[in-house]
Amino acid sequence: MKTEQHVVTANGITQAVRVAGPSDGVPLLLVHGNCSSAAFWEPLVRRLPATLRVVAPDLRGYGGTQTAPVDAGRGLTDFADDVAALLDEPTLFGEGARPVVVGHSLGGGVAMRLLVDHPDRVAGLLLAAPVSPYGFGGTRDLAGTPTTPDFAGTGGGTASPDFVARLVAGDRGTEDQSSPRSVLRTAYVADPATLGDDEELLLDSLLSTATGTDNYPGDATPSPHWPGTAPGRRGVLNALAPAHFRIADELVAVTPKPPVTWIRGDADVIVSDTSLFDLAQLGALGVVPGWPGPDECPPQPMLAQTRAVLDRYAAAGGSYREVTLPGCGHSPHLERPSEFVAELLALVGVDAF
């Protein structure tokens, strides 16, 4: 299938949405991750059967959607509210549509929030390398216990200033490891060859990220605890911080409970129990100086947390399936598209042809 670009006004902002398939097709909602846009789904959409109605919005501050501010104090709810408003947009979905929702990385957290807030509108959930239900960084165990009272080491102050500056400059080079292209090749995927002919499209998507205190990465608050920064209340990385995004108990309690598929790569360096984007892990590796040690500041067990929460979800009457792809990094839909499509269509309940 090929997508067409729609522009709609929903939840008070102008949203750019990629749409494919017949209006009466089986509904599928794709929610992209951080520092990307709906264009990240294009290689996947080409592989999907024409019986699906695919809707893939750019989240606020990404792609062609309005650069509206992100209130981090609401966690990922600003994003989820924007997406929820699309469900009743007649140019996108049929009346009362209940799509299977696919969320990648940050988009996985948005999908969880959407399910909790609108359980009657979600037919199934596919979480692709999702953020932990306890947010990103700053927690020490399967229950999401804070490492410090102020969740030090999370939020807007943890972003690489050089990476942000290169985003602002539209840098397309490869000369520095923090350039957007280098990050795309080394962090978004395990093998850069899997980007193929789509590399420029995906880099354009990454570079569409709106920067600043209201968007990426957000503001920061000084902390007396290592590494000296705590989350603020504005922008994307603060919305992901466990001070503001902690959805585990709500997810377990949601009714009804649609089926969940969790798909991830075992070579993911972003969402991992040893994430190279978790300052505690970087401290343990000696990359960030002054780390107080594993007793005071252990790396976040992101995968183990997600598994523990989904086990609780299943014990409470739901169901989930965990799929681990060997040698795959943070973007299984790009790196292992055949396996990804098979899992997606099994969840949707349609044949490939």
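Below or above, wherever it landed, is the structure these notes cover.

Each value, and the rule that gives it
- Residues numbered from 1 in each chain as written.
- Predicted model: local features only at pLDDT ≥ 70, side-chain atom pairs only at ≥ 80, totals over all residues.
- Heavy atoms only, no water.
- Axes fitted to C-alpha atoms, helices over the stretch in contact; angles between N-to-C directions.
- Helix = DSSP H or I, 4+ residues; strand = E, 2+ residues; numbered from the N terminus.
- Parallel < 35°, antiparallel > 145°, perpendicular 65-115°, else oblique.
- Contact = heavy atoms within 4.5 Å.
- Nonpolar A, V, L, I, M, F, W, Y, C, P; charged D, E, K, R; others polar.
- Polar contact = N/O pair within 3.5 Å; in protein donor to acceptor, adjacent residues only side chain to side chain.
- Phe/Tyr/Trp six-rings, centres within 6.5 Å; stacked < 30°, edge-to-face > 60°.
- Buried < 20%, exposed > 50% of the residue type's maximum accessible area, 1.4 Å probe, protein only.
- Salt bridge = Lys/Arg side-chain N within 4 Å of Asp/Glu carboxyl O.

For the rest of this paragraph, the subject is the packing of helix H5 (residues 180-188) against helix H6 (residues 199-207). Two elements in contact, H5 and H6, have axes whose closest approach is 10 Å; the angle formed by their N-to-C orientations is 110°. Between H5 and H6, the angle falls in the class roughly perpendicular. Along its contact with H5, which presents Pro 180, Arg 181, Leu 184, Arg 185 and Tyr 188, the element H6 presents Glu 199, Glu 200, Leu 202, Leu 203, Leu 206 and Leu 207. Looking at the contact of H5 with H6 residue by residue, the classes come out as 7 nonpolar, no polar and 4 charged.

Further remarks concern the side chain of Arg 121. Within the fold, Arg 121 resides in the loop between helix H3 (106-117) and strand S6 (124-128). At 3.4 Å, the side chain of Arg 121 forms a polar contact with the backbone oxygen of Leu 87. Sequence-distant contacts of Arg 121, defined by excluding residues within four places in its chain, comprise Leu 87, Asp 88, Gly 96, Ala 97, Arg 98 and Pro 99.

Moving on, we get to the packing of aromatic side chains. The final tally for this structure, using the stated rule, is 2 aromatic pairs. Taking the centre distance of 5.6 Å and the plane angle of 50° together, the rings of Phe 40 and Tyr 188 count as tilted. Of the two residues, Phe 40 sits in the loop between strand S3 (26-31) and helix H1 (42-45) while Tyr 188 sits in helix H5, which places them 148 residues apart along the sequence. Note on Tyr 188: relative accessible area 8%, which makes it buried. On the numbers, 6.2 Å between centres and 90° between planes, the contact of Phe 163 with Tyr 216 is edge-to-face.

The next thing to look at is the pattern of salt bridges. Scanning the model with the defined rule gives 24 salt bridges in all. In this structure, Arg 166 and Asp 171 form a salt bridge, with 2.6 Å as the shortest nitrogen-oxygen distance. Look at Arg 166 and you get buried, because its relative accessible area is 16%. With its nearest N and O atoms 2.9 Å apart, the salt bridge here joins Glu 339 to Arg 336. Judged by its relative accessible area of 31%, Glu 339 is partly exposed. Salt bridges here are not isolated pairs; linked through shared partners, they connect Arg 172, Arg 181, Arg 185, Glu 199, Glu 200 and Asp 204.

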